[in-house]
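# Chain and residue survey
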Amino acid sequence: MQRLRAGWMSFRRIHLAALVADWRRTLLSVIGVALGVTVVLGVLILKSELVRPFDSFGPSLTHAADMGVVEVTPNVSGRLPIETVNRLHAEVAGAEAVIPIVAALTPVDVPGGGTHGFFLLGGSCQIELLVGSFNCEQRAHDANPAHGPGVPLQIPTVIADRLGLHLGDELRIPGLPPGSAHLGWTFQEFDRVKGINDGYVLLAPSGDIAASLLGSPGYATAAFVLPRQGNNISAIAAGVDRVIAGVATAGPPRPHLPAVFEGATQNLNLAALAGIIVGVLIAVNTILLAVEDRRAVMGTIGAIGAKPVGLFGGMLCEGAVVGLLGGLLGVPSGFLLGTYLVNSFGRSMLAGSGGTVAAHFTPNLIVIGAAAGIVCGILAMIGPAARLVRDGPLASMASAGGVQRARKIPIWPLVVGAGMLAGAVVVLKIFERGSLPLNPGINGMTVGLCGVVLVTVWIAPRGAGLLIELLTIARPAVGRLLGADFRRYTLLFAFSAALLAESTSLTIGSHSMQLLGTRQIGAQKADRLPAALFDCRPIGARSAGRPAFRLHVRVGDRSR
Amino acid sequence: MLPDGTLAVSSAAGEAYRPADRGKHRSRHRLLTLARRADPDIAAVPSVKPVLQLKGVGKTYRRGDEQVHVLVDFDFTLDAGEFVVVTGPSGAGKSTLLHIAGGLDAPDSGTVAVAGQDVWSMSTGARAAFRRRNLGFVFQFFNLVPMLTAVENVSLPLVLDGMPARSADARAEELLERVGLGDRARHRPAELSGGQMQRVAVARALVARPSLILADEPTGNLDSHSSTEVLGLLRSLSDDDGAAVVLVTHDAAAARYGSRELHLVDGRAHAIDAAPAGER
């Protein structure tokens, strides 16, 4: 306790006092960390919100189930044969239930004239074992669906009220013929499904009907195996694996991204990583700037008897304090950036999928922001702290700090960068005419970006220097502060910006390539597959001679 | 006179804070200082260890392709309560000597013992703690912590040593009173003159009652009036507390404050002059 108190006192006198006394620098560091955390949070919000709709028949669907639920996911997306489900029923000993689910995101035209994304979900009333009881079976037996065109679907009462939907209203699903579905029931238990696509859920009366609506009769999207209490989960998993070998894989419930999105996740991770790197770089730059000039003071404190380990720990704690403040300051701005990214990019990325995204503020963001800030602060401090310990007090005392060290950026980045840019422009102009294959075009773009990086590295510090000179005339105190080490600062900042530009370009490039690839594969499929498989008629017409949905039979058939 | 030959004089030691292991040593310094005043031959009392002992110390720096021998097989002994002034031309090794003696710069060869303990055989952390408790530093550029007030600067070594802030500040205020800066205790270094800053630095060097004070050109940045003031202060305070002092200076006038003068040329002690009688 006494040691802690002594440590706190030293920290207060040496480090906190410095932060308070040099409040302008501290503020600059805090703002730097906040900028970094803003980038990190913005990208993370975009990523998490994009994944959220596809989480709906994974973890969100099984939130009420006991631990140990095994999800069976077909190897071909959305194509788990019903025969396999039946075999799971019959052959997996120790399973309490095997619940096939047909699920997909789909846009639905709502009466007001707009479109809203819904999660269409079909299965037996055993779904209650996954999401919790919502009176499904009783309603199926006791309450007739409202009259309307096509299949009766149910949605939460809250959502129906929100969209102005009434019982019997037609639910138009783009891609299906008019009159395919209507609102048959509503249910009050919103909390059962509010985690699934924010509660925008359409429940089909059965898995078959949902499969028909989604154009994949005879198949389920996935199946969930619930182990009976007290049974060995690994034995059940082994049984499942035996049945589904070659057809599907089994594991804990997970988000189900569409095929194109699976690849896009990597790009989003790359963008998030770039955001994190940029955030850390900005924070490191600013904090380095703030602590560099204090090396001599820290050296003096070391000379008069502070232990190196104490100074090292104190500096890391100081970084953590600055990082924490910056992290907390970055939470609101990070959320705003995330909201902007979700509204501008997220919605366009999900357009047509039926998925709806909106930035949600959760307390987790505060924790993530604080943690990201602390990490940034500590990472920024590790360098100077380690240097202080490595050099020893004498060398640190003799150091002049960042202020007096002149740095000169050589001319070669400008020359080489300009050359690369000019070369890239020439190659891309030729590429535009179509006389070059794709590879030179992509490589030309990359070379051009490298040129931008090098030119920025040369120009940015000089431009910043001019701006800082102007600022110094208007606000000398702020100008001198920024001017202390602006060359290194802007140099690193230029690298950060260039890194972000490069990774964004890679992300866009790889996404475009994926779409191109998907289109090409689609075109090739048409040539390879027999014509009999191409039946573009509406679903109702495909079931020649039979009613589109034999609803009266299926509703009666539903049982646990 | 005690049976072992030392004088029995009551000590002022232990009045506020002091690591237990230094209490005896401090008392010995005090005893020796008082005893010396009574009898100059008392320095030869065999039971007292030298405060600082350098044996065969060598230090070489590399400047480009050239090897510069800053200290060559250097021997030096400083007894408790002594005030030695080290002079010599630039590059003679004066500051290096001070840094090596203070545990700030490692010698290439030889041993350095402060209060009987080999400074360079300790771990880095132990050496820092040893410096905190046994050594006081006064630098040419004051090297005060700019964001702390005068009293906080002075109490810093005690706070680092784990002493409660209130007690440390009380001891610091007492020392600031002694250096004539009681009314400037709550001022930051930027609000003090050069002479005042150096007086704060002297107070900081003495606050932990060290056995040895190392002053590296403490008047190098001061005008003549402030220089006289600081040197007088350093001498009288170290005298009162019984601390030995090694003072490196270019200032010829500073030599008269020492009990002896050590003249360094090319890393070797060339001349050791006795200080004018009665100065110490």
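Computed from a prediction, not measured in an experiment: that's the story for all the values here.

Of the regular secondary structure elements, chain A holds 18 helices and 10 strands. A total of 560 residues make up chain A; the buried ones form 46% of that total. Of the contacts formed within chain A by residues at least 6 apart in sequence, a portion of 82% connects residues at least 24 apart. Total accessible area computed for chain A in this model is approximately 26700 Å², and 64% of it derives from carbon and sulfur atoms.

This part takes up the interface of chain A and chain B. Residue-level contacts link 22 residues of chain A with 26 residues of chain B. Interface area, chain A with chain B, both sides summed: about 2100 Å², of which 72% is carbon and sulfur. Taken as a group, R13, I304 and L394 of chain A account for 34% of the area that chain A buries against chain B, more than any other trio of residues on that side. The tally of links from chain A across to chain B stands at two salt bridges. A salt bridge links R13 of chain A to D169 of chain B; the shortest N-O distance between them is 2.8 Å. At the boundary of chain A with chain B, the tally comes to six residue pairs in polar contact (both at pLDDT 80 or more). Elements supplying a minimum of two residues to the side of chain A that touches chain B: α1 (2–21), α10 (295–303) and α12 (363–398) of chain A.

Let's shift gears to the nonpolar core. L61, I101, L121 and I301 of chain A together with L156 of chain B are the most contacted members of the largest nonpolar core, which has 70 residues in total. In terms of residue count, the dominant contributor to this core is helix α11 (residues 308–350) of chain A (nine residues). Once residues within four sequence positions are removed from consideration, I301 of chain A is found in contact with I14, A306 and L311 of chain A together with V145, L156 and L160 of chain B. Among the nonpolar cores identified, the runner-up in size contains 44 residues, and F83, A172, V230 and L231 of chain B belong to it.

Looking now at the pairing of strand β3 (residues 83–87) of chain B. Residues and elements named next belong to chain B. The buried fraction of β3 amounts to five of the five residues, a majority that puts the element mostly inside the structure. Neither face of β3 is left uncovered, since the one carrying F83, V85 and T87 and the one carrying V84 and V86 both have all their residues buried. Both β3 and strand β8 (residues 244–248) contribute to a ladder of four bridges, which runs parallel. Bridged to V84 within β8 is V246. In terms of strand pairing, β3 meets strand β9 (residues 260–265) through four bridges, oriented parallel. Bridge pairing in β9 links V84 to R260.

Attention now goes to the packing of aromatic side chains. Here the structure, examined in full by the defined rule, presents six aromatic pairs over all chains. An angle of 40° between the planes, with centres 6.2 Å apart, marks the rings of W8 of chain A and F11 of chain A as tilted. Here the residue W8 of chain A and the residue F11 of chain A both occupy positions in helix α1, the gap between them amounting to three residues, near one helical turn. On the basis of relative accessibility, which here comes to 12%, the residue F11 of chain A falls in the buried class. Here F137 of chain B and F139 of chain B contribute two aromatic rings whose centre-to-centre distance is 5.8 Å and whose plane-to-plane angle is 0°, an arrangement assigned as stacked. For the pair F137 of chain B and F139 of chain B, a shared accessibility class is recorded, and that class is buried. Positioned over the ring face of Y219 of chain A is R79 of chain A, at 4.6 Å from the centre of the ring.

Attention now goes to the confidence of the model for chain A. Residue and element names in this part refer to chain A. With 77% of its residues at a pLDDT of at least 70, chain A reaches an overall mean of 78. Every residue in residues 400–406 scores below 50 in pLDDT, and together they form 10 contacts with partners more than four places removed in sequence or on other chains. Contacts of residues 529–560 to residues separated by more than four positions or lying in other chains number 34 contacts, the stretch itself having pLDDT below 50.

Counted residue by residue, helix α4 (residues 150–160) of chain B has 11 buried out of 11 residues, so it is predominantly covered. Within the span of α4 of chain B, buried status applies to A150, V151, E152, N153, V154, S155, L156, P157, L158, V159 and L160 of chain B. Buried positions along α4 of chain B lie against α1 and α10 of chain A together with α3 (124–134), α5 (165–178) and α6 (194–206) of chain B. A positive backbone phi angle near 95° is found at G162 of chain B, which sits one or two residues after α4 of chain B.

A separate point is a nonpolar patch on the surface. Residues and elements named next belong to chain A. Judged by side-chain polarity, W23, L27, I31, L35 and L329 come together as a nonpolar surface patch covering roughly 490 Å² of accessible area. Tracing the sequence through the fold places L35 in helix α2 (residues 23–51). By relative accessible area, which is 45% here, L35 ends up partly exposed.

Rules and cut-offs
- Residues numbered from 1 in each chain as written.
- Chains lettered and ligands numbered in written order.
- Predicted model: local features only at pLDDT ≥ 70, side-chain atom pairs only at ≥ 80, totals over all residues.
- Heavy atoms only, no water.
- Helix = DSSP H or I, 4+ residues; strand = E, 2+ residues; numbered from the N terminus.
- Buried < 20%, exposed > 50% of the residue type's maximum accessible area, 1.4 Å probe, protein only.
- Contact = heavy atoms within 4.5 Å.
- Areas by Shrake-Rupley, 256 points an atom, 1.4 Å probe, with all protein chains shown as cover.
- Buried area = accessible area lost by both parts, 1.4 Å probe.
- Salt bridge = Lys/Arg side-chain N within 4 Å of Asp/Glu carboxyl O.
- Polar contact = N/O pair within 3.5 Å; in protein donor to acceptor, adjacent residues only side chain to side chain.
- Core = buried A, V, L, I, M, F, W, Y, C linked by side-chain atoms within 4.5 Å.
- Pairing = 2+ DSSP bridges.
- Phe/Tyr/Trp six-rings, centres within 6.5 Å; stacked < 30°, edge-to-face > 60°.
- Lys NZ or Arg CZ within 6 Å of the ring centre and 35° of its normal.
- pLDDT = per-residue confidence, 0-100.
- Patch = residues over 30% accessible without salt bridge, like charges linked within 9 Å, V, L, I, M, F, W, Y side chains within 5 Å.

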